[in-house]
Every structure is written in structure tokens, then in C-alpha cells.
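# Residue-level structural notes
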Amino acid sequence: MRQNPSFAMTDVGEIRRLIEQNPWVTLVSSGAEGLVASHYAVLLDDERDDLAIVGHVGKPDDAILGLGDRELLVVVQGPHGYVSPRWYGDVPAVPTWNFVTAHLSGIPELLSPDENLRVLDRLVARFEGDGVDARGLYRAPNDPEFVERLERGTVGFRLTPTRVVAKRKLSQNRSAEVVDTIIDGLSDGPYANPSLAAEMRRAADARPRA
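Residues numbered from 1 in each chain as written. Predicted model: local features only at pLDDT ≥ 70, side-chain atom pairs only at ≥ 80, totals over all residues. Heavy atoms only, no water.

## Some points on the side chain of Asn116
Let me state the cut-off plainly: Counting from the N terminus, the helices are the DSSP runs of H or I reaching at least four residues and the strands are the DSSP runs of E reaching at least two. Only heavy atoms matter for contacts: two residues are in contact if any of them lie within 4.5 Å across the pair.
Positionally, Asn116 belongs in helix H3 (residues 113-128). Setting aside its immediate chain neighbours within four residues, Asn116 contacts His56, Leu111, Glu151, Thr154, Val155 and Gly156.

## Observations regarding the pattern of salt bridges
Worth spelling out the cut-off: Just to be clear on terms, a salt bridge is a Lys or Arg side-chain nitrogen sitting within 4 Å of an Asp or Glu carboxyl oxygen. Categorising residues by exposure relies on relative accessible area from a 1.4 Å probe, with only protein chains included: less than 20% of the type maximum marks a residue as buried, more than 50% marks it as exposed, and the intermediate range marks it as partly exposed.
Evaluated as defined, the whole model comprises 13 salt bridges. Here Glu14 makes a salt bridge to Arg202, at a shortest N to O gap of 2.7 Å. Separated by 188 residues along the polypeptide, Glu14 in helix H1 (residues 12-21) and Arg202 in helix H6 (residues 194-205) bring together distant segments of the chain. Note on Glu14: relative accessible area 14%, which makes it buried. For the salt bridge of Arg163 with Glu71, the shortest nitrogen-to-oxygen distance reads 3.4 Å. Highlighted residues: Arg163 in strand S8 (residues 163-169) and Glu71 in the loop between helix H2 (61-65) and strand S4 (72-83), separated in sequence by 92 residues. Given the relative accessible area of 41%, Glu71 is considered partly exposed. Each of Glu14, Arg17, Arg168, Glu199 and Arg202 takes part in salt bridges that share partners, so that together they form one network.

## Re a negative patch on the surface
Note the threshold: Each patch is assembled from residues with relative accessible area greater than 30% and no salt bridge, linking like charges that lie within 9 Å and nonpolar side chains (Val, Leu, Ile, Met, Phe, Trp, Tyr) that lie within 5 Å. Note on areas: these come from Shrake-Rupley sampling with a 1.4 Å probe, and a residue is covered only by the protein chains present in the view. Counted as positive: Lys and Arg. Counted as negative: Asp and Glu. His and the chain ends are not counted at all. By convention, charge coordinates are those of NZ in Lys, CZ in Arg, CG in Asp, or CD in Glu.
Residues Glu47, Asp114, Glu115, Asp143, Glu145 and Glu148 make up a contiguous surface patch of negative charge. Mapped by element, the contributors of at least two residues to the negative patch are H3 and helix H4 (144-152). By secondary structure assignment, the location of Asp143 is in the loop between H3 and H4. Look at Asp143 and you get partly exposed, because its relative accessible area is 35%.

## Considering the environment of Leu73
In this structure, Leu73 sits in strand S4. Residues Leu73 and Ser105, spaced 32 residues apart in sequence, show a C-alpha to C-alpha distance of 4.5 Å.

## With respect to the sheet that holds strand S7 (residues 154-159)
Stated precisely, the cut-off is as follows: For two strands to count as paired, DSSP must find a minimum of two bridges between them. Lines fitted to C-alpha atoms define the axes, with helix axes restricted to the stretch in contact, and inter-axis angles between N-to-C directions lie between 0 and 180 degrees.
If you walk across this open sheet you meet the eight strands as S6-S7-S3-S2-S1-S4-S5-S8, and the pairing is antiparallel. Each edge of the sheet is formed by a strand with only one pairing partner; in this case those strands are strand S6 (109-110) and S8. Bridge count between strand S2 (residues 34-44) and strand S3 (residues 53-58): three bridges; the pairing is antiparallel. When the bridges of S3 are listed, Leu44 appears paired with Ile53. Sitting on the sheet, H1 is in contact with S2, S3, S4, strand S5 (96-106) and S8, with an inclination near 100° to S5. The strands that H6 touches are S4, S5 and S8; relative to S4, the one it contacts most, it runs at about 95°.

## Considerations on the packing of aromatic side chains
Selection rule: In this analysis, rings of Phe, Tyr and Trp, with Trp reduced to its six-membered ring, are considered paired at centre separations within 6.5 Å, and the interplanar angle assigns stacked below 30 degrees, edge-to-face beyond 60, and tilted for intermediate values. In this scheme, the term charge over a ring applies when either NZ of a lysine or CZ of an arginine sits within 6 Å of the ring centre and within 35 degrees of the ring normal.
One pass over the structure, following the stated rule, counts three aromatic pairs. A centroid spacing of 6.4 Å and a plane angle of 70° characterise the contact between Tyr82 and Trp97, whose relative ring orientation is edge-to-face. Taken together, the residues Tyr82 in strand S4 and Trp97 in strand S5 connect sequence positions 15 residues apart. Ring centres 5.8 Å apart and planes at 85° place the aromatic pair Trp87 and Tyr191 in the edge-to-face group. Residue Trp87 is located in the loop between S4 and S5, and its partner Tyr191 is located in the loop between helix H5 (176-187) and H6; the two are separated by 104 residues in the primary sequence. Taken together, the ring pairs connect Tyr82, Trp87, Trp97 and Tyr191 into an aromatic cluster. Between the NZ or CZ atom of Arg174 and the centre of the ring of Tyr88, over which it lies, the distance is 3.7 Å.

Put into C-alpha cells, the structure is as follows:
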């Protein structure tokens, strides 16, 4: 991804927030037959405070991706959407697309079966929740034998990225007044995009104003 200094996102806390809120990622690798991509949910490694992530793939995606042997690119896609030129006022303008994304690259470390089971348990708990009827990984009718058989069909990994490129293009090159107009346009109407509007508002609130 080509970086633009005006849109660079370098704060580790902000990138962690992006991953936490957007766990469904794209895994990209290059093999003998060319590029291959898979899609899985990941989590931040809860024993670290950096950008290490953990996840799993189903077999044979591990072999297709060369997991553990080749560099893996993890694409994290945050809020994104269309920005109409009408929001810039009566000036020459064209549409654009605002977005937040991060690319994490490195060679993953393969997890042991026990480590993989812990990640699988965390993944289920994260998305299933803890309600009285929540179906946790080990909750009946699942039994340990079933869960262990499930684990054997997957390969867990930890990626400690050696290269990170993160970008937050949220109209930082526009005036505060124009940004407010874009946020209003994304909040309601034909181009409504509440998640992008909220992300822009968060960034705008942190932006120094004259």
C-alpha cells in the first residue's frame, strides 16, 4: 500500500483499536502458483501489548498459504466509504473514498495444539458472548473429544509483524468546516455511512483547530 505522510497512522494503540474492532481480515501469500488469499477472524495476542495477532486457518489453507514458511500479508479493513464532491462546496471537485486500513506483514509462528485450542476458545467467546444461552467452545453438547477433533482440522498461528503500513484517509487535507459537512452527509441521507461518520468525528475531535 502506498503511504501518504498526511494519512499515515503510526500510533500502536490506534492500530490495535482498528484490529480489535475489525477482526475479519484477509490473509495474502505468494506461492508457486501465484498469489492466494484467505479470509479469517483474528485477535490481538492477549499476552502482548504490541501488534502481534493470533488466529487459525482450516486445513489445507495452511499449506496453500505456506503458513510458517513464507511471508504473510494480513489486510485489516476498517470503516470506509464514498465521499461526494457536493460536500466540498461550489468548487471544482471529484469524488473520493475515505478509509482506514492496516497491512501487517511477517512470517507467522505456528501454534502448538494447546495454544491453538486456547485461541479457538477465545475466538468463540469473543463473538458468541457470555449470555446464559451462549454456546462456548466446550459447552454441551460439545465434549473434549469433539473439540480436540475440531482442533486437528485447523492450524493456529501467531504473527508478530516485521512490517506495518497503516493508513487513515479521513479528509485530513480538508478544512474543519468541510470535514464537518462530510460527517453530516455521512450521518444521514443517500450516502449515509454511520461507521465512517463516527470514525471521522473521532479523528476530527482529536484534530487541533485554529
